[in-house]
Amino acid sequence: MPSAAESTPHAVELSGVSLSYGGRRDRVHALGPVDAKIDPGEFVVIVGPSGCGKSTLLRLVAGFAPPTEGTVSVGGVPVAGPGPDRGVVFQQPRLFPWLSVRRNIEFGLRTTGVPKARRRARSDELLGMVGLADAASRRPYELSGGMQQRAAIARALAPDPEILLMDEPFAALDALTRERLQEEIRRIWQATGKTVLFVTHSVDEAVFLGTRILVLSRRPGRIVLDRSSELPRSDDPHTHSSYLALREEVAAAVRDAAA
Ligand SMILES: Nc1ncnc2c1ncn2[C@@H]1O[C@H](COP(=O)(O)OP(=O)(O)OP(=O)(O)O)[C@@H](O)[C@H]1O
């Protein structure tokens, strides 16, 4: 009889996954082959040189494109397209400017026919979680960049996806707001137990956030470092003695990958 661990499907499984863009004449081999098994509740940060295929990997898990080769599975089921089990946060918040923050958060729930009272309860919960309770009726253009990104995170969480896919979500924010949101997303991850796949260029961000860090090589991106982090999540990882060693290990892998 299989053990519980063996019978629980991986949150995400990539088997021999490659993706090439374009056709026969202008083919760009962007990613792979890549193999990875990600367990529920992991916070996996993907880091690597510019253009190495990080966003491509996330797009495959999101179901925005099929792999050229291999299979991508989520919860043990091959990905056939986007679904409510995966929430996506992009670098730009991509909120609907004509809708209030609350309506933006409720948008997906509305289109799937969730009744008004449940939508309202869910948006109240999420507005509180991301610290936007006082901004519920404001429009996106009335918010700072950091607040807009909080709203985008709440919108992605609204259908209660098992997996949160985040593509450089804080890259366009100023340093202070970025730090604050890094702490927020860590708190939200701890509170919700979601599986997170998070793309960044920043080694510091990767080491601060990740329970596991994947470093990709130059295009076509392949995994050159797959490193679990033992840094404690209960307090500030910066203060931990092994923070600097891990940071240096990841930075060296990224440097080698870019060379
Ligand atoms: N739609 C597309 N058509 C053709 N080539 C593409 C397309 N999208 C991405 N590429 C190419 O595939 C490669 C990987 O792109 P991708 O955006 O996944 O990299 P990335 O690591 O996320 O980059 P960055 O760190 O600069 O955001 C790049 O060389 C890019 O130019």
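Up top is the structure.
Let me sum up the structure you'll find in this document. In this text, all values refer to a predicted model and were calculated from it rather than measured experimentally. Each residue is numbered by its place in its chain's sequence as written, counting from 1. Local features in this predicted model are restricted to residues whose pLDDT is 70 or higher, and side-chain atom pairs enter the listing and the counts only when it is 80 or higher, whereas totals over whole chains, interfaces and linings include all residues.

1. Some thoughts on the site of the ligand
As a structural note, the neighbourhood of the ligand is formed by 13 residues, with Tyr-21, Ala-30, Lys-54, Ser-55 and Thr-56 the closest of them. Secondary structure elements follow DSSP: runs of H or I no shorter than four residues count as helices, runs of E no shorter than two count as strands, and numbering proceeds from the N terminus. Elements that contribute at least two residues to the shell around the ligand include exactly strand 2 (28-38) and helix 2 (54-62). Looking at the shell around the ligand element by element, the count peaks at three residues for helix 2. Amino acid classes used here: Ala, Val, Leu, Ile, Met, Phe, Trp, Tyr, Cys and Pro are nonpolar; Asp, Glu, Lys and Arg are charged; the rest, including Gly, are polar. Along the lines of polarity and charge, the residues of the shell around the ligand split into four nonpolar, seven polar and two charged. Each residue gets a C-beta atom placed from its backbone. If that atom is within 6 Å of a molecule or strand, the residue is near it.

2. Some details on helix 5 (residues 145-157)
The terminal C-alpha atoms of helix 5, which comprises 13 residues, lie 18 Å apart, in line with the 18 Å expected from a rise of 1.5 Å per residue. As a rule, residues whose C-beta atom has 12 or fewer other C-beta atoms within 10 Å are exposed, those with 20 or more are buried, and those in between are partly exposed; C-beta atoms are placed from the backbone. Across the 13 residues that make up helix 5, a large majority, eleven, are buried. Taken residue by residue, helix 5 has Gly-146, Gln-148, Gln-149, Arg-150, Ala-151, Ala-152, Ile-153, Ala-154, Arg-155, Ala-156 and Leu-157 as its buried positions. Contact criterion: two residues are in contact if their C-beta atoms, reconstructed from the backbone, are within 7 Å. Looking at the buried positions of helix 5, the neighbouring elements they touch are strand 6 (86-89), helix 3 (101-111), helix 4 (116-129), strand 7 (163-167) and helix 6 (175-192). The span one expects for a helix is its residue count, reduced by one, times 1.5 Å.

3. Points about unusual backbone geometry
Here Gly-32 and Pro-33 are connected by a cis peptide whose omega angle stands at 5 degrees. Considering the arrangement of structural elements, one finds Pro-33 in strand 2. Residue Pro-220 is reached from Arg-219 by a cis peptide bond, and omega for that bond is -5 degrees. Here Pro-220 lies in the loop between strand 9 (212-216) and strand 10 (223-228). A positive phi is found at Asp-160, a non-glycine position, where the angle reads about 60 degrees. Examined against the element boundaries, Asp-160 turns out to sit in the loop between helix 5 and strand 7. Taking the number of C-beta atoms within 10 Å as the measure of exposure, Asp-160 has 13 and is therefore partly exposed. Its identity is not glycine, yet Glu-168 carries a phi of approximately 45 degrees, on the positive side. You can see Glu-168 is positioned in the loop between strand 7 and helix 6. Since 19 C-beta atoms lie within 10 Å of it, Glu-168 is described here as partly exposed.

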